[in-house]
Amino acid sequence: MTDDTAPIPLDENQIIAERRAKLARQRELGVAFPNDFVPADRAQDLVRLHDGLSREELEAAAVRVSLAGRMMLKRVQGKASFATIQDATGRMQLWLNDAGVGAETHEAFKHWDLGDIVAAEGTLFKTMKGELSVRCSGVRLLAKALRPLPDKFHGLADQEARYRQRYVDLIVTEGTRQTFVKRSRIVSAIRSFMTGHGFLEVETPMLHPIPGGAAAKPFVTHHNALDQQMFLRIAPELYLKRLIVGGFERVFEINRNFRNEGISPRHNPEFTMMEFYAAYTDYRWLMDFTENVIRDAAIAAAGTAKLSYQDRPLDLSEPFARLTIAQAILEHAPGYTAAQLEDAAFLRTELARLGVDVNDVRHRNAGVGALQLALFEEVAESKLWEPTFIVDYPVEVSPLARESDTRPGITERFELFITGREIANGFSELNDAEDQAARFRSQVEAKEAGDEEAMYYDADFIRALEHGMPPTGGCGIGIDRLVMLVTDSANIRDVILFPALKNES
């Protein structure tokens, strides 16, 4: 008996050379990569429909099947051979011998390798151990794998290799495949939820002549035909609000944003957001709606809103908490007083003690509200495990949000935090063209003073607002971070098929 499922030798180059020689012989025999086989069945469907039948029932039914997949296991035992192939839905065992497939084909099969793409036809049966299998009447080699799969006992152990060679990770790691199946379900559920609530899905430009809609450093490029500088978008916000001006009262977009910033377990320079805008709503309506979007997506992907994340329970089924910035600090960072949080001098001293440069361009002229926010980010944000809306952001850090009618200096804005991470950001939109123009001018002054993340002045957006935009609420939800929660993934790279990596060289 031979078993070529044992760990592969260390000399991968020798293995590749041997496989290339096998491919060369295959070419000599005719078509090496045939493209005339279409499988009629999938592994998961066969298991679902027939695994409940007894051996006798299966024999009587004589179910004919054809399927194809990657060979993951192979075992040759005397006159018979076993193999396990894997398609997009699961695995199925094959059994073949000389009588079933012919001596010549069976002999050829013995020289096929793990990783090869194989087609099989035959009849379903159950082995003595009760495993649903295919008694093959024919097998074909559809595509030769020149590189070996990782050692089955250790898989693709190097984490960077898993990100860089995602195609291999998907082949050998069931958990990875399930993560991206769930990601697809989450996006589909969100799309269905939005269209079911009267939202129109739209697409807006990815190349912007002026970056806007967020405080972030953009990627810069050049359009040769137009001979002008362009930017990969940091957010679709200003274009989506132009559509509200145009009369589309509920719009959303699920697409990429690009920010030329650092890489971390929660940041990738290219990431997916869902932004949506609804006329005649405000930030309170948005919080209710955002909560329902997230809960619905979790249930669609995980079957429940009661999750476990990094070995801690996470309950999305209960109403999300709502706290002001000051309330969050007092609740999650005991030791401060309400009076201290209203004292700019104290806040500056405390931030300096915590290592924040209070004299940098972002903080040197900051008011109490912005200083409170900086302290919140240092001492309270990471402690917001259960879903919590933080509200009442100051105007000076919210250049696109509507100011409260009753509390000067405070905007109708929220950010949603779950497991210590920002998941969503929304607000009642500023629709006063003159106020928006003044805020843009303040952003330009901040940029000229050295703040690389400050916004540009967008004259066309101001022109759009001058045509009149109805009262509107808008929100952005980080899809990657939401997928991290639902799939219990600690790193954003685990939920992005091809995350940004430094060149191998």
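Numbering of residues starts from 1 in every chain and runs along the sequence as written. Where totals are concerned, whole chains, interfaces and linings use all residues; where local detail is concerned, this predicted model gives features only for residues with pLDDT of at least 70, and gives and counts side-chain atom pairs only at 80 or more. Derived side-chain values reflect all non-hydrogen atoms in the structure, with water molecules and hydrogen atoms excluded from consideration.

**Remarks on helix α2 (residues 43-50)**
Item 1. A 1.4 Å probe rolled over the protein chains alone gives each residue an accessible area, and that area as a share of the maximum for its type sets the label: buried under 20%, exposed over 50%, partly exposed in between. Here a strand is any run of E in DSSP of at least two residues, a helix any run of H or I of at least four, and the numbering for each starts at the N terminus. Of all the residues in α2, the buried ones are Ala 43, Leu 46 and His 50. Viewed along the axis of α2, the buried residues span an arc of 65°, placing them on a single side of the element. Opposite the buried face of α2, by more than 90 degrees, sit the exposed residues Arg 48 and Leu 49.
Item 2. Any two residues whose heavy atoms approach within 4.5 Å at even a single point are treated as in contact. Looking at the buried residues of α2, the elements they touch are α3 (55-61), β1 (64-77), β3 (91-97), β4 (117-126) and β5 (132-143). When we speak of the arc, we mean the arc of directions from the helix axis to the C-beta atoms.

**A few points about the side chain of Glu 275**
Item 1. Tracing the backbone through its elements, the reader meets Glu 275 in strand β11 (residues 270-279).
Item 2. For this count, His and the chain ends are skipped, Lys and Arg are scored as positive, and Asp and Glu as negative. Any Lys or Arg side-chain nitrogen found within 4 Å of a carboxyl oxygen on Asp or Glu counts as a salt bridge. Nearest to the buried, unbridged Glu 275 among oppositely charged side chains is Arg 259, at 5.6 Å.
Item 3. Pairs of N or O atoms within 3.5 Å make up the polar contacts considered here, provided that, within protein, one atom can donate a hydrogen while the other can accept it, and that residues adjacent in sequence are counted only when both atoms are side-chain atoms. Looking at Glu 275, its side chain comes within polar contact range of the side chain of Tyr 277, at 2.7 Å.
Item 4. Contacts of Glu 275, omitting those with residues within four sequence positions, involve Ala 235, Pro 236, Glu 237, Leu 240, Val 251, Phe 252, Glu 253, Cys 475 and Gly 476.

**As for the side chain of Thr 411**
Item 1. Among the secondary structure elements, Thr 411 is positioned in the loop between β15 (388-391) and β16 (413-418).
Item 2. Excluding residues that lie within four positions of it along the chain, Thr 411 makes contacts with Asp 392, Tyr 393, Pro 394, Val 395, Ser 398, Ala 401, Arg 402, Glu 403, Ser 404 and Arg 439.

**Concerning the UniProt feature "binding site: Mg(2+) 2" (unreviewed entry) in the protein**
Item 1. UniProt positions are given in the numbering used here, feature names are shortened, and annotations may be inferred rather than shown by experiment. The residues that UniProt annotates with the feature "binding site: Mg(2+) 2" (unreviewed entry) are Glu 422.
Item 2. Structurally, Glu 422 is set in strand β17 (residues 421-428).
Item 3. Residue class for Glu 422 comes out partly exposed when judged on its relative accessible area of 27%.
Item 4. Beyond its immediate sequence surroundings of up to four residues, Glu 422 is in contact with Glu 415, Leu 416, Phe 417 and Arg 481.

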